[in-house]
Amino acid sequence: MCGRFALTATPDRAAAFLGLPELEDFPPRYNIAPTQPVLMAIAGLPRAPGSNLPDRQLMLVRWGLIPAWVKDTREFPLLFNARSEGAAEKASFRAAMRHRRALVPASGFYEWRQSGGKRGQPYWVRPKHGGLVAFAGLIETYAEPGGSEMDTGAILTVNANADIAHIHDRMPVVIDPQDFARWLDCRTREPRDVADLLRPAPIDFFEAVPVSDRVNKVANTGPEIQERGMVGPEPEKAKRRKPGTDDSQMSLFQQ
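Residues numbered from 1 in each chain as written. Predicted model: local features only at pLDDT ≥ 70, side-chain atom pairs only at ≥ 80, totals over all residues. Heavy atoms only, no water.

1. So, the pairing of strand 1 (residues 4–7)
By the alternation rule, side chains of strand 1 split into Arg4 and Ala6 and Phe5 and Leu7, which are all buried. Two elements, strand 1 and strand 7 (residues 108–113), share 3 bridges in a ladder whose sense is antiparallel. Across the sheet, the residue bridging to Arg4 is Tyr110, located in strand 7. Here strand 1 pairs with strand 2 (residues 29–32) via 2 bridges, running antiparallel. Within the sheet, the bridge partner assigned to Leu7 lies in strand 2 and is Arg29. (Buried < 20%, exposed > 50% of the residue type's maximum accessible area, 1.4 Å probe, protein only. Helix = DSSP H or I, 4+ residues; strand = E, 2+ residues; numbered from the N terminus. Pairing = 2+ DSSP bridges.)

2. Brief notes about helix 1 (residues 11–18)
Since the α-helix turns once every 3.6 residues, residues separated by three or four places project in the same direction. Listed as buried for helix 1 are Pro11, Ala14, Ala15 and Leu18. Each buried residue of helix 1 sits inside an arc of 100 degrees when the element is viewed along its axis, so together they form one side. Helix 1 presents Asp12 and Ala16 as exposed residues on the side facing more than 90 degrees away from its buried surface. Where helix 1 is buried, its residues touch strand 3 (37–43), strand 4 (56–63), strand 6 (101–106) and helix 3 (180–184). At the C-terminal side of helix 1, Gly19 shows a positive phi close to 75 degrees. (Arc of directions from axis to C-beta. Contact = heavy atoms within 4.5 Å.)

Given below as structure tokens:
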């Protein structure tokens, strides 16, 4: 799964990576969480012959996809990830897979390894050679009962590769820059035409850096959450003393 990620590149670098002329200024974001706004790029309107206008456009969407057919969002789960293996057939994602495929620019993502007796160890997973990546995303515009519309989105995931599998069994789908146009082309390419792009990242593409549990709190948004660190075991809970216990037996622990 992908429940947190970061986008810390400058707007100029992000624009160049996505093939856009420019982006409005935005601060680095080190701890992006579900329900927060995220940047997603989609295919733009068809260009006239000889036009220099970009063939894609940027959207700001709520991270957590809401299908158009949902009646009550309070009773609907938060869909911030979509399993790529069945997204083209699943009711929640079928329309978006066909009509609104997107790219999600990121500097990396966070994942947690769970082990017995310890709190989850978070990892900052970043491209080994630096730079940005583009996760495969989906967008759905949800019409609220009051009439207003809200653009929502999800990140597609796939089985983790060998670099990540020891941490978690899922990872975001990464779209290679040479495949951006094909992935975004929803006018002429159906989901089956881009299914080959829904695969794990190549081995050695990412590196996983253990970090402290400061990333667990959404309120922590500074670069320090990406500093290397380890999470210790859960503190043992104090045992209740039985009635009649001899206090002298505790003297060794009171010196």
